[in-house]
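Chains, contacts and geometry: an overview
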Amino acid sequence: MARPSNVSGFYKLPPEERLKIIKEAVGLSNEEADLLRSTGGLKLDAANRMIENVIGGITYPFAVATNFLINSRDYFVPMALEEPSVVAAASNAAGWTRGKGGFFTSNTGPVMIGQIQVVGVRDPFGAKMDILAAKDRVLDRANGVDPVLVKFGGGAKDVEVKVIDTVRGPMIVCELIVDCRDAMGANAVNSMAEIVAPMIEELSGGKVLLRIISNLATRRLVRAKAVFAKDAVGGEDVVDGVLDAFAFADADPYRCATHNKGIMNGVVAVALATGQDHRALEAGAHAYAARSGRYRSLSTWEKSGDGDLVGTLEMPMAVGLIGGATAVHPIAKIAVKILGVKTAVELAEVIGAVGLAQNVAALRALASEGIQKGHMKLHARNVATMAGATGDLVDKIAAKMVEEHMVRFDRAKQLVEELSRKP
Ligand code: MEV
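What this report covers is the structure whose coordinates are included nearby. Just so you know, these numbers come straight off a predicted model, no measurement behind them.

As for the layout of surface pockets
Approximately 1300 Å³ is the volume attributed to the largest pocket. Lining of the largest pocket is provided by 44 residues; of these, M50, L272, G275, A325 and H329 occupy positions nearest its centre. Mapped by element, the contributors of at least two residues to the lining of the largest pocket are α3 (44-50), α8 (186-204), α11 (253-273), α12 (278-289), α13 (324-328) and α14 (330-339). Taken together, the residues that form the lining of the largest pocket break down as 23 nonpolar, 17 polar and four charged. Taken as a whole, the second largest pocket encloses approximately 640 Å³ of empty space. If you go around the second largest pocket, you meet 29 residues; those closest to its centre are S85, A89, A362, A365 and I371.

Encoded structure:
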């Protein structure tokens, strides 16, 4: 690198100035700088208000999955991601269940947990009782932070206290149970946890350290169920194959991480398109999968009396429609409009259905022809483009490489040379 990265006052500069520094430091071309500057639907100054040290934007493909029938309503589902096959797989799988009524979803409400860690308490169980006895006062104080949330029926609803054993001795964890309505809620919950902290210190006689939301959102679960007719998925053998694939995942964490990753392909893609905190969703999902002490599948797969495939999914889904990027990112706003969801819990349910669809699509492919066939077609097009193919040549070269089972950059380059030479 041409210069050290400790640029003093970088964060104070306007994006253009920062871009100039980076351009010079790493030798970006004018064209590359222009590409970074062209932030698509998100204006540079809006991006600059969202995070620090902005110099540009990165555009992900934005796609729409079709066929989703959820609780008898049709949805076009926006998805943003870089991986080929995911959108096609979700759309196909959503199609397989339409004949059986589509997805049936429900949720446990938009409720998050805010944790307040208390250390140095001499009598933790006694202190627990004192905090619980003052519950109403604690809730009042917390709700003072967000009167608008309270007006809409949300706010801090309950206080729970647990005593945990740690390597530093026993600690108290005071948990605020907060109904976040249509917000993801991290800001509201964190503010509430901070505001009640002095009260908790006074009540417990200890010292409050961390005051933060928990991403293990066990009170904000989404549930989805769908039946896939055996003929729609490819017959009895495929149904049995999916059951064996599920059994493998549920018994072996090495497989299960990949199995759940397949679910997250759909979850995160919709989350990204709609401007959600997808890291929170990832954290919550995997922690939930491990809640029994063993990492397990977020979904279950069974066979009905008719031999059809019955899938269910249950996982935390902390998403919001107000606040955060969803409210300010123009593309995220369009994504919400395409979906037509009116509440955060409706969005959560749609995402749950997409996760289940993504899972069955992957398991079906894995248990039959394997995923590379479908994957390779799209991957081959990317490789052909990288090798310099344009126009009709992209598809031609991609098809040839798939046929030869040789989807490689060097082969694509050869084919670009050969086929471009032809009259
Ligand atoms: C790839 O992104 C996702 C899969 O690996 C999921 C799975 O293995 O179930 C296909």
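As for the site of the ligand
What surrounds the ligand is the set E83, R255, T258, H259, K261, G262, N265, A362, L366 and I371. One nitrogen or oxygen atom from the side chain of E83 is found 2.6 Å from an oxygen atom belonging to the ligand. K261 has a polar side-chain atom sitting 2.7 Å from an oxygen atom of the ligand. Starting from 300 Å² of accessible surface for the ligand in isolation, the protein chains cover 87%. Among the detected pockets, the ligand sits in the second largest pocket. Secondary structure elements with two or more residues in the shell around the ligand: α11 and α15 (344-367). Of all the elements, α11 adds the most residues to the shell around the ligand, at six residues. The residue makeup of the shell around the ligand, split by class, is three nonpolar, four polar and three charged.

Cut-offs applied
- Residues numbered from 1 in each chain as written.
- Predicted model: local features only at pLDDT ≥ 70, side-chain atom pairs only at ≥ 80, totals over all residues.
- Heavy atoms only, no water.
- 1 Å grid on protein atoms, 1.4 Å probe; cavity = no way out; pocket = protein on both sides within 12 Å on 5 of 7 lines; lining within 4 Å.
- Points joined across faces, edges and corners; volume = space filled by probe spheres on them.
- Helix = DSSP H or I, 4+ residues; strand = E, 2+ residues; numbered from the N terminus.
- Nonpolar A, V, L, I, M, F, W, Y, C, P; charged D, E, K, R; others polar.
- Near = heavy atom within 4 Å.
- Polar contact = N/O pair within 3.5 Å; in protein donor to acceptor, adjacent residues only side chain to side chain.
- Areas by Shrake-Rupley, 256 points an atom, 1.4 Å probe, with all protein chains shown as cover.
- Sits in = over half its atoms within 2 Å of the grid points.

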